Amino acid sequence: MTVSQTPSIPFTTAEALATLHETCESTGLDSQDARLIRLGENALFALPAEQVVVRIARSVEVLDDVHKEVAVSAWLNDSGIPAARTTAHDQPLIVRGHPVTLWHLIPDSGSSATLDDLAGVLRELHGLAVPADLELPAMDILSRVSERINAASVLTDEDRDFLLTRRHELQCAYDALAFPLTPCAVHGDAHNENLIRTVDGRVLLIDFERFAFGPPETDLAVTAIEHTVGWGTRTEYDRFAERYGFDVLAWKGYSVLRDINELKMTTWLMQNVNEDAAIAREFRNRMNSLRNPDAPRRWRAF
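Conventions adopted
Residues numbered from 1 in each chain as written. Predicted model: local features only at pLDDT ≥ 70, side-chain atom pairs only at ≥ 80, totals over all residues. Heavy atoms only, no water. Helix = DSSP H or I, 4+ residues; strand = E, 2+ residues; numbered from the N terminus. Rg over C-alpha atoms; globule rule 2.2 N^0.38 Å. Contact = heavy atoms within 4.5 Å. Areas by Shrake-Rupley, 256 points an atom, 1.4 Å probe, with all protein chains shown as cover. Lys, Arg positive; Asp, Glu negative; His and termini not counted. Charge placed at Lys NZ, Arg CZ, Asp CG, Glu CD. Buried < 20%, exposed > 50% of the residue type's maximum accessible area, 1.4 Å probe, protein only. Pairing = 2+ DSSP bridges. Axes fitted to C-alpha atoms, helices over the stretch in contact; angles between N-to-C directions. Phe/Tyr/Trp six-rings, centres within 6.5 Å; stacked < 30°, edge-to-face > 60°. Parallel < 35°, antiparallel > 145°, perpendicular 65-115°, else oblique. Left-handed = near helix turned anticlockwise from the far one by under 90°. Nonpolar A, V, L, I, M, F, W, Y, C, P; charged D, E, K, R; others polar.

This part is about the overall build of the protein. Scanning the protein from N- to C-terminus turns up 9 helices and 9 strands. Relative to the 2.2 N^0.38 estimate, which gives 19 Å for 302 residues, the radius of gyration of the protein is 19 Å and therefore close to what a compact globule would have. Along the first, second and third principal axes, the C-alpha set of the protein runs to 55 × 45 × 35 Å. Relative to all contacts within the protein whose residues are 6 or more apart in sequence, the contacts with residues 24 or more apart total 71%. Here the protein has roughly 14,000 Å² of accessible surface; of this, 50% comes from carbon and sulfur atoms. Both charge centroids of the protein, one from 29 positive and one from 45 negative side chains, sit 5 Å from each other.

Our next topic: the pairing of strand 5 (residues 98-104). With 6 of its 7 residues buried, strand 5 lies for the most part within the structure. One ladder, built from 5 bridges, connects strand 3 (residues 52-57) with strand 5; its direction is antiparallel. Within strand 5, the residue paired with V53 across the bridge is W103. Here 3 bridges tie strand 4 (residues 93-95) to strand 5, and the two strands are oriented antiparallel to one another. Among the inter-strand pairings, V95 is bridged to a residue of strand 5, identified as H98. What sits between the antiparallel neighbours strand 4 and strand 5 is a turn of 2 residues, in which R96 has the positive phi angle 55 degrees.

Here we come to unusual backbone geometry. Residue P92 is bonded to the preceding Q91 through a cis peptide linkage, with omega at 5 degrees. In this fold, P92 is placed in the loop between helix 2 (63-79) and strand 4. In this structure, R144 takes a positive phi of about 75 degrees despite not being glycine. Its location among the elements puts R144 in the loop between helix 3 (115-126) and helix 4 (145-151).

Turning our eyes to something else, we now look at the sheet that holds strand 1 (residues 35-39). The antiparallel open sheet is built from 5 strands, whose spatial order is 1-2-3-5-4. Edge positions in the sheet fall to strand 1 and strand 4, since each has one partner strand and no second. Pairs of neighbouring strands in the sheet enclose a mean axial angle of 30 degrees, with direction left out of account. Taken together, the 6 bridges between strand 2 (residues 42-47) and strand 3 define a ladder with antiparallel strand orientation. By the bridge assignment, N42 is partnered in strand 3 with A57. On the sheet, helix 2 packs against strand 3, strand 4 and strand 5 and is oriented at approximately 15 degrees with respect to strand 5.

Summarising the sheet, strand 1 and strand 2 pair through 4 bridges and their orientation is antiparallel. Bridging from a neighbouring strand, R35 pairs with A46 of strand 2. Where strand 1 folds back on strand 2, the antiparallel hairpin that results is connected by 2 residues.

Let us look at the packing of aromatic side chains. What the rule picks out here adds up to 5 aromatic pairs. Between the aromatic rings of F208 and F211, the centroid separation amounts to 5.9 Å while the plane-to-plane angle is 80 degrees, which identifies the pairing as edge-to-face. Assigned by exposure class, F208 and F211 land together as buried. Relative to F240, the ring of Y237 lies with its centre 6.0 Å away and its plane at 40 degrees, an arrangement referred to as tilted. Taken together, the positions of Y237 and F240, both in helix 7 (residues 234-244) and 3 residues apart, correspond to about one turn of that helix.

Turning our eyes to something else, we now look at the packing of helix 5 (residues 157-175) against helix 9 (residues 277-291). In the contact formed by helix 5 and helix 9, the axes pass within 12 Å of each other and the chain directions differ by 55 degrees. Judged on the interaxial angle alone, helix 9 and helix 5 are oblique. Crossing hand, helix 5 versus helix 9: left-handed. Contact with helix 5, carried on its side by E158, D159, F162 and L163, involves R284, M287, L290 and R291 of helix 9 and no other residues of that element. Residues of the contact of helix 5 with helix 9, tallied by class, amount to 4 nonpolar, no polar and 4 charged.

Below you can see the structure in the form of structure tokens.
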């Protein structure tokens, strides 16, 4: 379903709000009490009165991923994995050049899901047989990184050359890895912030944009890298690895996945440096880390 398209303009909070209001006008939803949940790869707005979440992607270049999100949601729910569900609207929509999807608002208990919860969900997800008609793409672990780097106005020429060179080196290193675990459906951004504990005690999986078919080690490495940059304790990580049944930190290929995740986390944050001075400072902190691989990581989460 196409609502309207406009030439690509910077994806700021103001642009996301304009897209939200136009979406609500076209679908009959009330946007007056809209609350921004997050501005990152996507903008997410909650509409409490409607019990709907509006998810706005940056550009139509990711439309295939948005179609995939809708299909994955249906598959997970049919397979018995509690997961976010789309509304009955015909979707995705294209509004102001942005793919938009509408989701049922999940009644959040306010209590964060744990790494134990994440390990259990990933173990179940990785054990699912993928139906042929789902057509999951092959894992492209460095997808969008080059696009972010080339589009960034905040980079010096030296910064850009450094990041693009690093991306190429890491792609080559990744392609040479021999993974010990069986390929399967992977989430692609598997951290516990992509789980929601509901008021009735269930834990729901959200954010299906990066779903793919590939090595499960790539999902496990997300939690491992968060531990190594100072988000969480070693005890919490060890419980995660034990619950899942595999410790990716002990695998000799982990350092490549670590470096890839650091690059992705840095270029993801880079997209919003003009939104907030704290984000700009943290981006420079991460760039310094990339240039000094042996230095301790003290990263701030956003």
